[in-house]
Amino acid sequence: MLGVAAIVFSLVLLMAIAYRGLPVIVFAPICAAAALALSGVPILPGYTDSFMNGAADYVRAFFPVFLLGAIFGKLMEAGGAAASIARAIVRAFGSRRAIPAVVLACAVLTYGGVSLFVVAFAVYPFGAALFKAAGIPKRLLPGAIALGAFTLTMDALPGSPQIQNLIPTRTFGTDAYAAPVLGCLGGAVILIGGLIWLDRRRASAASAGEGYGAGHANEPEPKPDLDLPSLPVAVLPLLLVLAANFVASRTSWSIAGWYSEDVLRSTFPTINVRTASPTWALITALGIGITATLALNARRLRGSLTVSLTAATSGALLAIFNTASEVGYGSVIKTLPGFQVIRNGVLGLSQSVLISEAVAVNILSGITGSASGGLSIALEVMGAHYLEAAKAQGISPEWLHRIASMASGGMDTLPHNGAVITLLAITGLTHRQSYPDIFAITLLKTSTVFALAAAATAWA
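- For the protein chain, an unreviewed UniProt entry supplies the name Transporter and the organism Paludisphaera borealis.

Structure (structure tokens):
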């Protein structure tokens with residue numbers, strides 16, 4: 001029991017640190033050291049071997065995706081393409097459909113490969129103006145942005161270029177289009193349920209005579225003279241990313257067949273083409289998207305290219321090392337004596353491997369306040385066991401992928417989540433004002449994942 005207590009203590013400590021916004025890069029190894037010490041395991045070997053090997057493997061596997069994704073999103077923002085798409089959608093829907101307009105604008109950008117943080121910055125000015133014109137309380141705006149950017153297009157819809165949809169490919173040998181029916185069904189339930197919730201909140205506020213409100217912080221200033229690209233020019237890079245990712249993943253031109261097996265075996269003997277090809281496909285797709293964005297917005301980017309690339313690189317480095325530090329922590333935890341007890345307990349919660357997986361990913365994502373961090377730890381620690389159990393139960397690895405990916409975007413959006421904190425800061429609102437709607441969407445997402453896991457288990 002002492003070994004279990006050591007792990008639980010370190011997890012609670014990591015959660016408290018994440019909640020306070022302290023850097024995970026610094027404190028994840030400290031929490032790992034605490035678990036090692038309390039378990040009676042040498043600290044320094046555990047750090048230099050288990051922790052650093054886990055962190056380094058994650059950086060090696062996913063750094064290109066983090067970097068290229070950050071560059072693509074920043075160029076879409078700096079060139080005005082993200083703002084052009086957002087403005088076109090909100091204008092097309094009009095103030096009567098302000099909430100669906102904001103949700104759709106966020107969903108289109110996220111599914112096209114733009115990072116969640118860039119989406120929040122790009123959509124906020126137009127969403128705020130639309131909510132104000134419609135007399136909808138501004139406090140509902142973060143919930144609408146979260147529904148569009150943090151849910152279905154992040155990890156549910158097949159082909160999403162977000163990292164939460166790529167991480168499971170390494171463990172389960174799948175690609176970004178795994179379990180398309182399951183993902184689309186879950187995404188539809190979340191979208192419809194979220195829109196119903198937000199519309200009822202809007203109607204309730206209207207009945208009470210509540211409007212947009214006054215005295216808000218960070219109110220966007222109107223900029224009618226914005227030099228934005230036309231909608232077709234703005235959308236084209238997103239379409240190219242999605243198309244290239246599909247072609248390189250699921251057609252006869254799949255990237256897995258680009259190289260001779262003999263050449264790979266002799267020159268790169270450690271590469272597993274099945275697990276590496278989804279990453280290769282996304283790297284190729286993002287590279288095409290970046291090239292198209294640069295070509296289509298050369299004039300607009302001319303004066304800001306250096307600043308944009310520097311900001312994107314800094315953001316990518318911080319994001320990947322934060323997550324890698326959490327993965328390193330998970331690599332330490334799985335070596336400790338108490339881990340077997342915890343793993344058996346989680347697996348024993350349900351005979352269904354899908355439900356067990358959803359529980360583990362949700363718990364760890366909630367504790368760390370990070371979808372990618374919690375997902376990485378869960379699959380690092382228990383992924384191989386889930387794959388073996390799934391084969392025994394006749395469960396497809398693609399279902400494992402989709403449930404794990406969607407579960408990571410469930411309880412990760414607790415109050416200490418970095419994306420939630422950033423979103424509230426962008427909109428100038430507080431947890432007290434806007435978090436109840438974000439939490440409602442979090443509960444909807446989590447319950448949908450468990451319902452899908454139960455249905456898939458019964459179907460199998």
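## Quick look at the overall build of the protein chain
Point 1. Check the secondary structure of the protein chain and you find 21 helices and zero strands.
Point 2. With the C-alpha coordinates aligned to their principal axes, the bounding extent of the protein chain is approximately 60 × 55 × 45 Å.
Point 3. The buried share of the protein chain, reckoned over its 460 residues, is 54%.
Point 4. Contacts in the protein chain between residues at least 24 apart in sequence constitute 83% of all its contacts with a sequence separation of at least 6.
Point 5. Carbon together with sulfur atoms contributes 66% to the accessible area of the protein chain, which is approximately 19100 Å² in total.
Point 6. Seen as two clouds, the 27 positive and the 20 negative side-chain charges of the protein chain have centres 7 Å apart.

## So, unusual backbone geometry
Point 1. In the Ramachandran plot, alanine 179 falls in the positive-phi region, its phi being about 45 degrees despite a non-glycine side chain.
Point 2. Inspection of the secondary structure puts alanine 179 in the loop between helix H9 (167-172) and helix H10 (180-207).
Point 3. On the basis of relative accessibility, which here comes to 5%, the residue alanine 179 falls in the buried class.

## Looking at the pattern of salt bridges
Point 1. Evaluation of the coordinates by the stated rule reveals nine salt bridges.
Point 2. As a salt-bridge pair, arginine 202 and aspartate 199 come within 3.0 Å of each other at their nearest N and O atoms. On the criterion of helical spacing, the pair formed by arginine 202 and aspartate 199 is a turn pair, its members being three residues apart in helix H10.
Point 3. Taking the relative accessible area as the measure of exposure, arginine 202 reaches 28% and is therefore partly exposed.
Point 4. Close ionic contact of glutamate 380 with lysine 334 constitutes a salt bridge, the shortest N to O distance being 3.0 Å. Of this pair, glutamate 380 sits in helix H18 (residues 371-393) while lysine 334 sits in the loop between helix H15 (305-333) and helix H16 (339-347), and the two are 46 residues apart along the sequence.
Point 5. Among the residues examined, glutamate 380 registers a relative accessible area of 28% and is labelled partly exposed.
Point 6. Taken together, the salt bridges that share partners define one network made up of Asp175, Arg250 and Glu398.

## Digging into the side chain of serine 352
Point 1. Within the element layout of this structure, serine 352 appears in the loop between H16 and helix H17 (353-368).
Point 2. Assessed through its relative accessible area of 7%, serine 352 is described here as buried.
Point 3. Polar side-chain contacts of serine 352 include one of 3.2 Å to the backbone nitrogen of isoleucine 355.
Point 4. Polar contacts involving the side chain of serine 352 include one to the side chain of threonine 457, which spans 2.6 Å.
Point 5. Apart from the residues lying within four places of it in its own chain, the contact partners of serine 352 are Gln393, Ala453 and Thr457.

## Considerations on the UniProt feature "transmembrane region" (unreviewed entry) in the protein chain
Point 1. Sites flagged by UniProt as "transmembrane region" (unreviewed entry) map to residues 26-47, 59-86, 98-127, 177-198 and 279-298.
Point 2. Strand forms 0% of residues 59-86 and helix 93%; the C-alpha atoms that close the span are 32 Å apart.
Point 3. Helix makes up 95% of residues 279-298 and strand makes up 0%, while its end C-alpha atoms are separated by 28 Å.

## Considerations on the side chain of aspartate 437
Point 1. With respect to the element layout, aspartate 437 can be found in helix H21 (residues 431-459).
Point 2. Setting aside anything within four residues of it in sequence, one finds aspartate 437 in contact with Arg139, Leu140, Gly143, Trp197, Leu198 and Arg201.

## Side note on the packing of H17 against H18
Point 1. Two numbers describe how H17 lies on H18: the axes approach to 8 Å, and their chain directions differ by 170 degrees. Comparing the axis directions of H17 and H18 gives the class roughly antiparallel. From H17, Val353, Ser356, Glu357, Ala360, Val361, Leu364, Ser365 and Thr368 reach across to H18, where they touch Ala371, Gly373, Gly374, Leu375, Ile377, Ala378, Leu379, Met382, Tyr386, Ala389, Ala390 and Gln393.

## Topic: the packing of aromatic side chains
Point 1. Counted according to the given criterion, the structure contains six aromatic pairs.
Point 2. A network of ring pairs unites the aromatic residues Tyr58, Phe62 and Phe66 as a single cluster.
Point 3. For the cation-ring pair, arginine 170 lies above phenylalanine 62, with the distance from its terminal atom to the ring centre recorded as 5.7 Å.

About the cut-offs
- Residues numbered from 1 in each chain as written.
- Predicted model: local features only at pLDDT ≥ 70, side-chain atom pairs only at ≥ 80, totals over all residues.
- Heavy atoms only, no water.
- Helix = DSSP H or I, 4+ residues; strand = E, 2+ residues; numbered from the N terminus.
- Buried < 20%, exposed > 50% of the residue type's maximum accessible area, 1.4 Å probe, protein only.
- Contact = heavy atoms within 4.5 Å.
- Areas by Shrake-Rupley, 256 points an atom, 1.4 Å probe, with all protein chains shown as cover.
- Lys, Arg positive; Asp, Glu negative; His and termini not counted.
- Charge placed at Lys NZ, Arg CZ, Asp CG, Glu CD.
- Salt bridge = Lys/Arg side-chain N within 4 Å of Asp/Glu carboxyl O.
- Polar contact = N/O pair within 3.5 Å; in protein donor to acceptor, adjacent residues only side chain to side chain.
- UniProt positions renumbered as here; feature names shortened; annotations may be inferred.
- Axes fitted to C-alpha atoms, helices over the stretch in contact; angles between N-to-C directions.
- Parallel < 35°, antiparallel > 145°, perpendicular 65-115°, else oblique.
- Phe/Tyr/Trp six-rings, centres within 6.5 Å; stacked < 30°, edge-to-face > 60°.
- Lys NZ or Arg CZ within 6 Å of the ring centre and 35° of its normal.

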